[in-house]
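Each chain, letter by letter, is given below.
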Amino acid sequence: MSEYYKILVADDNHSDRLILSALLKKEGHSPILAENGQMAVELYLEHRPDIVLMDALMPVMDGYEATLRIKEIAYAESEMVPIIFLTSLQEAGALARCLEAGAEDFLSKPYNRVVLKAKLKSFGRMRDMHSRLQKHNRQLVIEQHVAKNIFDNVVHLGSLNADNVNYSLSPLAIFNGDTVLAEKKPGGGMHLFLGDFTGHGLPAAIGVMPLAEIFYGMTNKGYAIEEILKEINRKLRRILPVGIFCCGTMIELDYFDGIARIWVGGTPDAMVYSCEDDSIRSIPSKNLPLGVVDNESIRIAIEEVPMKVGDRIFCWSDGIHESRDITGEMFGEQRIKDTIIRNTGKENIVVPLVDAVENFMGEAERDDDITVLEAKMIEYQEQDTSQPLARPSHTVVGPQDWTMDYRLQARSLVNYNPLPMILQILTEVESLRFMRGQLYTLLAELFSNALEHGLLQLNSSLKQDPQGFVQYYHERTRRLESLQEDAYIRVSASHQPWDQGGELTIRVEDSGPGFDFQAVMARKRNNREYSGRGLPLLNKICDSLEYMDRGNVVVAKIIWPRTKQKT
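Residues numbered from 1 in each chain as written. Predicted model: local features only at pLDDT ≥ 70, side-chain atom pairs only at ≥ 80, totals over all residues. Heavy atoms only, no water.

A closer look at the overall build of the chain
On a plain count of helices and strands, the chain comes out with 18 helices and 20 strands. Per-residue burial over the chain gives 50% buried out of 567 residues. Taking the contacts inside the chain whose residues are at least 6 apart along the sequence as the reference set, 69% of them involve residues at least 24 apart. Total accessible area on the chain is roughly 27100 Å²; 50% of this is exposed by carbon and sulfur atoms. (Helix = DSSP H or I, 4+ residues; strand = E, 2+ residues; numbered from the N terminus. Buried < 20%, exposed > 50% of the residue type's maximum accessible area, 1.4 Å probe, protein only. Contact = heavy atoms within 4.5 Å. Areas by Shrake-Rupley, 256 points an atom, 1.4 Å probe, with all protein chains shown as cover.)

Here is the structure:
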């Protein structure tokens, strides 16, 4: 950087101005002269000098006031301008006042040329260093915003804009360790995740991108929350440094059965609001945060909560209830409950909750990210099976004529979900990817029927009330653990290409005793007692659906392209 500067000289003494001007020119600098403080401020705005030499006592505006105004202008524009007071004052209090006004140094009259030269050189280096830092900072800010755009594109590509989801992210920095994720499941319903990594800023945000990638990828493929949580834990445990982990709450909303499956690991209690009796139920943390222990040691404890349409789930980071006012009192859990109850008539309770926290804090300084998530149970909506497929020519891309046969024995049926793997195979036919949701719904219904009703002989009529739900799933677990070793479910699939489209056949067989499918078909019942969402839904997805043998075999056929909604 140049060692020659524009230097503003403000002094009401004409002789002193001339002397300083001559000294500065001799050193190669460019002096700008002002005869009072007001003129000094005006010339600063016009010329933007590198250094200011300021007399303390001047008419119109003294040097103290002029210094304050110049510093305010420079600060507002992120500039650094060194100011050196010129003074004949010797009293310590007067000299201290010069520094209190914002000056970096002072120079006593009469001026010593050697000292003046050294001070100018020193403060010139300081200004040059500040300029370099500002340049680097501007580049860093640009890079941060580019990185933040990429970060948001990865992290927020899901369903956070769904009508039944409200959230607020209020970070302390551009990057932070709090995150909110939401994505629709292939067969309906939704997965949601609120995460709070230890620390703040970029170090805390390190794990958010791999977490989001796993969450979205596995949700789209139909994995259950237990499997998603284990994969997230495995990844974070491997990549994060010691001391950084993710507290979180994960929720699965099943719109059809009206049930929420909730996992809480290290975050504050989740809360479920019931609109029926205006009550709030707390779901406490029963799990370790993600990334603390290996998968061999982790235990996934999930709470299953029946919900009616309009009921809501709330979860938040500890920055909400640990927010403090100026006296140090925390906002606390009770104020959260009171705020929820007061605002149940509103579509969005997140906004009044965040407002309540901010009003409570007042002028107190915030020291943590504030994140809150709200999700509402809604009516199950059947998916449209008439969506046009990808390619106008309806040509087959990927594997064409193929057959798959997959058989699961008792041990695998206890704790393994084969649907994501099977769905991945089916959607290798590119044009079928646009029916991913319908295919997953079909597979899930057929496999669930084969397992829960064919093998386990469970009765869905139990799931008519909250107590029945609990009894149903307890009995499901008990019967799974006592399955006969020769029990099995066999899933077969085949695809045949046509000139325009193709035909997909799925066959599911179980080793159970079967059921009187002819009587069921004849009664045209909704059939929740046997087949979950019912034969009507499966018939809308399939071009044909046929039960065989003793009712333990079902064959479904889908012909594509589909051109209209079946009724």
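Quick word on the packing of helix 10 (residues 332-342) against helix 11 (residues 350-361)
Close contact between helix 10 and helix 11 brings their axes to 10 Å; oriented N to C, the two are set at 135 degrees. Of the possible angle classes, the one that applies to helix 10 and helix 11 is oblique. For helix 10 against helix 11, the interelement crossing comes out right-handed. Seen from helix 10, the contacting residues are R335, I336 and T339; seen from helix 11, they are P352, L353, A356 and F360. For the contact of helix 10 with helix 11, a count of residues per class yields 5 nonpolar, 1 polar and 1 charged. (Axes fitted to C-alpha atoms, helices over the stretch in contact; angles between N-to-C directions. Parallel < 35°, antiparallel > 145°, perpendicular 65-115°, else oblique. Left-handed = near helix turned anticlockwise from the far one by under 90°. Nonpolar A, V, L, I, M, F, W, Y, C, P; charged D, E, K, R; others polar.)

A closer look at the packing of helix 13 (residues 419-426) against helix 14 (residues 436-455)
Orientation of helix 13 relative to helix 14, taken along the N-to-C sense of each, is 135 degrees, at an axis distance of 10 Å. Relative to helix 14, the element helix 13 is oriented oblique. As for how helix 13 packs across helix 14, the hand of that crossing is right-handed. Residue-level inspection shows L419, I422, L423, Q424 and L426 of helix 13 in contact with helix 14, the latter providing R436, L439, Y440, L443, A444 and F447. In terms of residue class, the contact of helix 13 with helix 14 is built from 9 nonpolar, 1 polar and 1 charged.

Here's the deal with the side chain of S21
Here S21 lies in helix 1 (residues 14-26). The exposure class assigned to S21 is buried, which follows from its relative accessible area of 8%. Every residue in contact with S21, bar those within four places of it in the chain, is listed here: P31 and L33.

Such coordinate-based values are descriptive only and should not be taken to indicate function.
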